[in-house]
Amino acid sequence: MMTSKNDKKLRTTGRPTLNEVARLAGVSPITASRALRGISTVATELVEKVQQAAAELNYVVNPAARALASAQSHSVVVLVPSLSNLLFIETLEAIHQVLRPKGFEVLIGNFHYSRDEEENLLRNYMAYQPRGLLLTGFDRTESARRMVEASNVPCVYMMDLDPNAGVNCVGFSQLAAGETAAAHLLSRGYKRLAYIGAQLDQRTLLRGEGFRRALQQAGLYDPALELLTPRPSSVGLGGELFLQLLAAHPDVDAIFFGNDDLAQGALLEAMRHDIKVPERVAVLGFNDLPSSSYMVPRLSSISTPREAIGRRSAEHLLTIMAGNKIAKPVVDMGFELQVREST
């Protein structure tokens, strides 16, 4: 019995090929490929046939083989510093909603706030010849920066802004956010203002710097009231640092926390120790996580547009990957102060 080349390949590798899927579905290999990538121009009935054929054959897409065959993959690499932080989950969801209907696979890398881990992830993902990159912020190793520049892969930077870098970026000013936090607490009449930050990534340090600048201008800055730790940000850590600060500096009357989870921990400890908020000490958070408006008292916080940043970044990347230029490469999505009971 004669056997086709594809049949031989199927027996040799133990895996069905795209041609096998296309033949079973009664479509061309190109149509099968587009259907499996989720490209919206393929008719719904054809997509169903291809998906059914793929399921019957237990076909699994090989992204590396696809990239080698076309000299160009259909993947976009997205690197974020954390997958346990809700703000990045919201950003990733928005990115998926934009890129998946266009047929792109989203490859997510979590570098745990480590520049070396991010460099290794970049090196590994570049082997897939990605069509585009979505990177978080500008703080990375020199090797990673050179790798991105030399690759000529379209790239958009998220969360931070750098008008002088000559790159496409979507985010907001961390410095301005810190300044806004200080201005709000000063407008309430507080005089002994502290900043508590954890993780100490570049964004945490920048918002702390903005807070410091505003206090210096007001003549109220005290370096002893900055409590910074490289430990991972968490509710438990926030409560611990809150009590530590008040024990060392009982005259503190307002605290700006670099993340909402820290501020939430402070509110819980304040309740446990019968420390009145904001009568005894005001508490202001950052990022405005969904649970913050349900704390007791309700937490004042600076709301950041995580979902909107993810969506706009992905849209800009699509434009660049299509060979077009972005009319406004630096997009400031802004932020919003949410004033509630805790301040």
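In this text, all values refer to a predicted model and were calculated from it rather than measured experimentally.

Participant: Residue-level account of helix 4 (residues 44-57), with values.
Facilitator: The periodicity of an α-helix, 3.6 residues per turn, causes residues three or four places apart in sequence to face the same way. Look at helix 4: 20 Å from first C-alpha to last across 14 residues, which is about the 20 Å you get at 1.5 Å a residue. Those residues of helix 4 lying buried are Val-47, Val-50, Ala-53 and Ala-54. One side of helix 4 holds all its buried residues, which, seen down the axis, span an arc of 130°. Turned more than 90 degrees away from the buried face of helix 4, the exposed residues are Thr-44, Glu-48, Gln-52, Ala-55 and Glu-56. Contacts made by the buried residues of helix 4 are with helix 2 (18-25) and helix 3 (29-37). Backbone geometry just after helix 4 places Asn-58 at a positive phi near 55°.

Participant: Let's hear about the packing of aromatic side chains: which residues, and what values?
Facilitator: Going through the model one piece at a time under the given rule, you end up with eight aromatic pairs. Between Phe-172 and Phe-335, the aromatic rings sit 6.2 Å apart at their centres with planes inclined by 65°, giving edge-to-face as the arrangement. Of this pair, Phe-172 sits in the loop between strand 5 (168-171) and helix 9 (174-187) while Phe-335 sits in the loop between strand 11 (330-332) and strand 12 (336-338), placing them 163 residues apart in sequence. According to the relative accessible area criterion, Phe-172 is buried, its value standing at 4%. Considering the side-chain rings of Tyr-195 and Phe-211, the 6.0 Å spacing of their centres and the 40° angle between planes classify their relative orientation as tilted. Taken as a pair, Tyr-195 in strand 6 (residues 193-198) and Phe-211 in helix 10 (residues 202-218) lie far apart in primary sequence, 16 residues in all. Per residue, the accessibility class of Tyr-195 equals that of Phe-211, and both read buried. Among the aromatic residues, ring-to-ring pairing joins Phe-172, Tyr-195, Phe-211, Phe-256, Phe-286 and Phe-335 into one connected group.

Participant: Which residues make up the pairing of strand 2 (residues 105-110), and what values do they have?
Facilitator: Consecutive side chains of a regular strand alternate in pointing toward one face of the sheet and then the other. Taken together, the six bridges between strand 1 (residues 75-80) and strand 2 define a ladder with parallel strand orientation. Opposite Ser-75, over in strand 2, you have Glu-105 as the bridge partner. As a crossover connection, the stretch from strand 1 through helix 6 (residues 86-99) into strand 2 is right-handed.

Participant: Could you give an account of the sheet that holds strand 4 (residues 155-159), with specific residues and numbers?
Facilitator: Spatial strand order, 2-1-3-4-5-11: six strands in an open sheet with parallel pairing. Across the chains shown, the open sheet's two edge strands, defined by having one partner strand only, are strand 2 and strand 11. Sheet twist, expressed as the mean angle between neighbouring strand axes with direction ignored, is 15°. This element, helix 7 (residues 115-126), spans strand 1, strand 2 and strand 3 (132-136) of the sheet and lies at about 155° to strand 2.

Participant: Hey, could you go over the packing of helix 3 against helix 4 for me, with residue numbers and the actual values?
Facilitator: Helix 4 packs onto helix 3 with a crossing angle of 90° between their chain directions and a minimal axis gap of 9 Å. The angle between helix 3 and helix 4 places the two elements in the roughly perpendicular class. Each of Thr-31, Ala-32, Ala-35 and Leu-36 in helix 3 lies in contact with helix 4, whose residues at this interface are Leu-46, Val-47, Val-50 and Ala-54. Taken together, the residues that form the contact of helix 3 with helix 4 break down as seven nonpolar, one polar and no charged.

Participant: Tell me about the pattern of salt bridges, residues and numbers included.
Facilitator: Within the structure shown, the criterion is met by 19 salt bridges. Between Glu-209 and Arg-213 there is a salt bridge, with its nearest N and O atoms 2.7 Å apart. Taken together, the residues span about one helical turn, with Glu-209 and Arg-213 both in helix 10 at a distance of four residues. Arg-311 serves as the salt-bridge partner of Glu-307, at 2.8 Å between the closest nitrogen and oxygen.

Participant: A description of the sheet that holds strand 7 (residues 226-229) should follow, citing residues and the corresponding values.
Facilitator: Spatially, 7-6-8-9-10-12 is the arrangement adopted by the six strands of the open sheet, whose pairing is mixed. Each having just a single partner strand, strand 7 and strand 12 make up the two edges of the open sheet. Each strand axis lies, on average, 15° off the axis of its neighbour in the sheet, ignoring direction. Here four bridges tie strand 6 to strand 8 (residues 254-257), and the two strands are oriented parallel to one another. Its bridge partner lying in strand 8, Leu-193 is registered against Ala-254. Helix 10 rests against strand 6, strand 7, strand 8 and strand 9 (282-287) of the sheet, and its axis sits at about 170° to strand 6.

The rules behind each value
All residue numbers here refer to positions counted from 1 along the written sequence of the relevant chain. With the structure being a predicted model, the display of local features is reserved for residues of pLDDT at least 70 and the display and counting of side-chain atom pairs for 80 or more, all residues being used for whole-chain, interface and lining totals. With hydrogens and water excluded, all non-hydrogen atoms of the structure serve as input to the side-chain values. For helices the rule is a DSSP run of H or I covering at least 4 residues; for strands it is a run of E covering at least 2, with both sets numbered from the N terminus onward. Multiplying one less than the number of residues by 1.5 Å gives the expected span of a helix. For the exposure calls, accessible area comes from a 1.4 Å probe over protein chains only, and a residue counts as buried if that area is under 20% of its type's maximum, exposed if over 50%, partly exposed in between. Directions are taken from the helix axis to each C-beta atom, and the arc is the one they span. Contacts are residue-level and defined by heavy atoms, with any inter-residue pair within 4.5 Å sufficient. The criterion for an aromatic pair is that two Phe, Tyr or Trp rings (for Trp, the six-membered ring) have centres within 6.5 Å, with stacked assigned to planes under 30 degrees apart, edge-to-face to planes over 60 apart and tilted to the rest. Two strands make a pair as long as DSSP finds a minimum of two bridges between them. Note on handedness: a crossover is taken as right-handed if, strands pointing away from the viewer, the path from the first strand over the helix to the second is clockwise. Axis lines are fitted to C-alpha atoms, over the contacting stretch for helices. Their N-to-C directions set the angle, which ranges from 0 to 180 degrees. For classification, angles of less than 35 degrees are called roughly parallel, those exceeding 145 degrees roughly antiparallel, those between 65 and 115 degrees roughly perpendicular, and all remaining angles oblique. We call Asp, Glu, Lys and Arg charged. Ala, Val, Leu, Ile, Met, Phe, Trp, Tyr, Cys and Pro are nonpolar, and the rest, Gly among them, are polar. Here, a salt bridge means any side-chain nitrogen of Lys or Arg that lies within 4 Å of a carboxyl oxygen of Asp or Glu.

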